[in-house]
Amino acid sequence: MIGLVSATAAGRRARDRLAAAWPGAVRVYGTGGEGGADGAGTVREAVTRAFAECDRLVCFLATGATVRLIAPLLADKADDPGVVCVDEAQQYAVALLGGHAGGANDLAHAVAEALPGCRPVVTTATDAAGVPGLDTLGLPVEGSVAAVSRAILDGEPVRLVRHHVLPLPALPPNVTEATGNATEGDGGDGGCTLLVTDRAVAPGDRTAVLRPPTLAVGVGASRGAPAEEVAALVGQALADAGLSPLSVTELATVEAKAGEEGIVETARRLGVPLRTYPAGELAAVPVPHPSDAPMAAVGTPSVAEAAALLACGEGAELVVPKRKSAPEGRAAMATCAVARRRPRGRLAVVGLGPGARDLLTPRARDELRRASVVVGLDQYVDQIRDLLRPGTRVLESGLGAEEERARTAVAEARAGRAVALIGSGDAGVYAMASPALAEASADIDVVGVPGVTAALAAAALLGAPLGHDHVSISLSDLHTPWEVIERRVRAAAESDLVVTFYNPRSRGRDWQLPKALALLAEHRAPHTPAGIVRNASRPGERTTVTTLGELDPAAVDMMTVVTVGNTATRIVAGRMVTPRGYRWQESR
């Protein structure tokens, strides 16, 4: 919950704007008997209540006043809420406290987006330098986090040792991957080490340890098994195997044990979710130690081993075979096993939009910042090069190398890296998603990031030509035979669909567009509205609204999108408008 505290009329107006933008996510703390607020009183009382009750806080107060109000409330960096201050004129959203751990940095950006003219102010060193903070990677981190982070920022040599593949974002050039098998202490030369491992190592005073999400624990238990017995068994199994509980991502068991209190409580103590599987799914998993007892009780010869392996997915390794609890003076009531996931890289296929920076989605920005490797066409890389983190490896190539780029991106992901494969518009529309997904198999994680397509960017400039059913057709016959393209154009013409032509004309392909327009003209009148948009959202943007009969193919090139309306499309005030339905159009 985000607490909102204001003290002036201007602050209340800004507060109400945020409350409207984030319904259900905020709680208003008023002052001076303000109607509608949660608890009227002094500003100090409002801040004190909000600080205690909310995860994050937005104070529409001066930073100095906010510092004085929250100073007596501070307890611990890990527990204090993130605090953002917004000035009276709503020009700045200042991340004041808990930039990373409290989420204030992200909140400052969110506030700035919600308040027109407001700018986020983030002073955290890693954010200012464009370096990922070790505590912002979404992973447990322990050891000398401050010392290693400072070394990374100061440009000191930092050794990166990975016991497991983990798709990290780009790290600066002073962080170099080391070979070897470091398990504790510093790098041996007095430098710092960033260690990625699920092993239960004791980090030295110049080592930070990132805990990858590699382990799942399968648990079986008799009815009424005490939580202490189940939890002790799991803890001892991890300790004996030299594994860190911070790398455990879930507890898994059979559906019949979903409400077993000892298992539920153990998951709570570990801070992980409890996942359950039907007995039939567990019975289908080959395990080294099947048993008749669970088969008779719940319908599967294995619970602990099968659940652990199933939770970790294809290629999982059983690192701790089934073991039983050992209570004193009675029979065991719990079993557990531990499995490790097969390392996986990550491929994000990112659509950059039509070219304008403000049409690049926030999700696309986040993926570019998350990647350690960016693969793309050289001219598209140039569009976003300034958004990449220092140390990002860029693999760029020229026109006509789409399949090569797809293979390169997939290979980098298979090596365990975080890869962004970029393309213009939407990555799934005449772009890189198709060749990349055709190349990728189930051994990597693939994320699709949608973008604003050329058709949509052009349509917004033309008016509303896509208000009813529409189709996009590429006129390039480099990969598709013209006979196929012509058949599709005829079908669109006969179906009275609005048509957007991609790749309409080049110096080597100058007859396809006139032919396609002639096919449409067999079913549409010469006065049918048509639009030509060149360089949509880019420098040199040009928009022309014309008709099917007057459209000049010579004005079209590969930087152009051509849209032809259907029989209901009209030109209204110089804009193309296709009614949402024929009945609506008839009633006008």
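Rules and cut-offs
- Residues numbered from 1 in each chain as written.
- Predicted model: local features only at pLDDT ≥ 70, side-chain atom pairs only at ≥ 80, totals over all residues.
- Heavy atoms only, no water.
- Axes fitted to C-alpha atoms, helices over the stretch in contact; angles between N-to-C directions.
- Helix = DSSP H or I, 4+ residues; strand = E, 2+ residues; numbered from the N terminus.
- Left-handed = near helix turned anticlockwise from the far one by under 90°.
- Contact = heavy atoms within 4.5 Å.
- Nonpolar A, V, L, I, M, F, W, Y, C, P; charged D, E, K, R; others polar.
- Pairing = 2+ DSSP bridges.
- Phe/Tyr/Trp six-rings, centres within 6.5 Å; stacked < 30°, edge-to-face > 60°.
- Buried < 20%, exposed > 50% of the residue type's maximum accessible area, 1.4 Å probe, protein only.
- Salt bridge = Lys/Arg side-chain N within 4 Å of Asp/Glu carboxyl O.
- pLDDT = per-residue confidence, 0-100.
- Right-handed = clockwise from strand over helix to strand, strands pointing away.
- Parallel < 35°, antiparallel > 145°, perpendicular 65-115°, else oblique.

## Side note on the packing of helix H17 (residues 482-494) against helix H18 (residues 512-521)
Moving on, step 1. Orientation of H17 relative to H18, taken along the N-to-C sense of each, is 30°, at an axis distance of 9 Å. For the crossing formed where H17 meets H18, the hand is right-handed. Contacts between H17 and H18 involve Trp-482, Glu-486, Val-489, Arg-490 and Ala-493 on the former and, on the latter, Gln-512, Lys-515, Ala-516, Leu-519 and Leu-520.
Moving on, step 2. When grouped by side-chain class, the residues that make up the contact of H17 with H18 number six nonpolar, one polar and three charged.

## Description of the sheet that holds strand E7 (residues 141-143)
Moving on, step 1. Within the open sheet, the five strands sit side by side as E7-E11-E10-E8-E9. Their pairing is mixed. Of all strands in the sheet, those with a lone pairing partner are E7 and strand E9 (175-177), marking the two edges. Between one strand and the next, the sheet's axes are offset by a mean angle of 25°, whatever the strand orientation.
Moving on, step 2. Strand contacts of helix H6 (residues 145-154): E7, strand E8 (158-162), E9, strand E10 (192-196) and strand E11 (207-210), with the helix running at about 110° to E10, the strand carrying the most contacts.

## Description of the sheet that holds strand E6 (residues 119-121)
Moving on, step 1. Read from one edge to the other, the open sheet built from six strands follows the order E2-E1-E3-E4-E5-E6, with strand pairing classed as mixed. Each edge of the sheet is formed by a strand with only one pairing partner; in this case those strands are strand E2 (26-29) and E6. Across the sheet, the mean angle from the axis of one strand to that of its neighbour is 25°, orientation sign disregarded.
Moving on, step 2. Bridge count for strand E1 (residues 2-6) against E2 is four bridges, and the pairing is parallel. From the neighbouring strand, Val-5 faces E2, where its bridge partner is Tyr-29.
Moving on, step 3. On top of the sheet, helix H3 (residues 63-70) reaches strand E3 (56-60), strand E4 (82-86) and strand E5 (92-97); it is set at about 25° to E5, its chief contact.
Moving on, step 4. Of the strands in this sheet, E1, E3, E4, E5 and E6 touch helix H4 (residues 104-114), which is tilted by about 165° from E5.

## Details of the packing of aromatic side chains
Moving on, step 1. With the rule as written, the count across this model stands at two aromatic pairs.
Moving on, step 2. Judged by centre distance (4.6 Å) and plane angle (50°), the rings of Tyr-430 and Tyr-502 are tilted. In this pair, Tyr-430 is assigned in the loop between strand E20 (418-423) and helix H15 (433-439) and Tyr-502 in strand E24 (residues 498-502), connecting sequence segments 72 residues apart.
Moving on, step 3. Take Tyr-430: its relative accessible area is 44%, and that puts it in the partly exposed class.
Moving on, step 4. Taking relative accessible area as the criterion, Tyr-502 reaches 10% and is therefore assigned buried.
Moving on, step 5. Centroid distance Trp-482 to Trp-511: 5.0 Å. Interplanar angle 70°. Geometry classified as edge-to-face. Here the residue Trp-482 occupies a position in helix H17, and Trp-511 occupies one in the loop between E24 and H18, the gap between them amounting to 29 residues.
Moving on, step 6. Overall, the relative accessible area of 42% leaves Trp-511 in the partly exposed class.

## What to know about the environment of Ala-455
Moving on, step 1. Positionally, Ala-455 belongs in helix H16 (residues 454-462).
Moving on, step 2. In the structure, Ala-455 is positioned 312 residues away from Gly-143 in sequence and 51 Å away in space, judged by C-alpha atoms.
Moving on, step 3. Ignoring anything within four residues of it in the chain, the contact list for Ala-455 reads Leu-466, Ser-472, Thr-500 and Tyr-502.

## Here we look at the environment of Arg-44
Moving on, step 1. Here Arg-44 is to be found in helix H2 (residues 43-53).
Moving on, step 2. Residue Arg-44 is classed as partly exposed on the basis of its relative accessible area, which comes to 46%.
Moving on, step 3. Between the alpha carbons of Arg-44 and Arg-68 there is a distance of 9.4 Å; along the sequence they are 24 residues apart.
Moving on, step 4. Residues within four places of Arg-44 in sequence aside, it is in contact with Arg-68 and Leu-69.

## Overview of the pattern of salt bridges
Moving on, step 1. Under the definition given, this model contains 28 salt bridges.
Moving on, step 2. The salt bridge partner of Asp-16 is Arg-15, with a shortest N-O separation of 2.7 Å.
Moving on, step 3. You can call Asp-16 partly exposed: its relative accessible area is 41%.
Moving on, step 4. Using a relative accessible area of 6% as the deciding quantity, one classes Arg-15 as buried.
Moving on, step 5. A salt bridge links Arg-341 to Glu-250, with the nearest nitrogen and oxygen atoms 2.6 Å apart.

## Re the confidence of the model for the protein
Moving on, step 1. On average, residues of the protein score 89 in pLDDT, and 94% of them are at 70 or above.
Moving on, step 2. Here helix H19 (residues 582-586) stands out as the element of the protein with the lowest mean pLDDT, 58, in contrast to E24, whose mean of 97 is the highest.
Moving on, step 3. Low pLDDT, under 50, characterises residues 32-37; the stretch is placed with 10 contacts to residues that sit more than four places away or in other chains.
Moving on, step 4. The low-confidence segment residues 182-187, where pLDDT is below 50, has 20 contacts with residues more than four positions distant or belonging to other chains.

## What to know about the pairing of E4
Moving on, step 1. Most of E4 is tucked away, with five of its five residues classed as buried.
Moving on, step 2. Of the two faces of E4, both are covered, the one formed by Gly-82, Val-84 and Val-86 as well as the one formed by Val-83 and Cys-85.
Moving on, step 3. Looking at chain direction, E3 and E4 are connected through four bridges and run parallel. Within the sheet, the bridge partner assigned to Cys-59 lies in E4 and is Cys-85.

## Things to note about the pairing of strand E23 (residues 470-474)
Moving on, step 1. Here five bridges tie E23 to E24, and the two strands are oriented parallel to one another. Across the sheet, residue Ser-474 finds its bridge partner in E24, namely Tyr-502.
Moving on, step 2. Each parallel crossover has a hand, and the one from E23 via H17 to E24 is right-handed.

## Some remarks on the packing of helix H7 (residues 227-240) against helix H8 (residues 261-270)
Moving on, step 1. At their nearest, the axes of H7 and H8 sit 8 Å apart, and the two run at 50° to each other. Relative to H8, H7 is oriented oblique. Remark: the crossing between H7 and H8 carries right-handed chirality. Taking contact as the criterion, the partners of Ala-227, Glu-228, Val-230, Ala-231 and Val-234 in H7 are, on H8, Gly-262, Glu-265, Thr-266, Arg-269 and Leu-270.
Moving on, step 2. Class assignment of the residues belonging to the contact of H7 with H8 gives a composition of five nonpolar, two polar and three charged.

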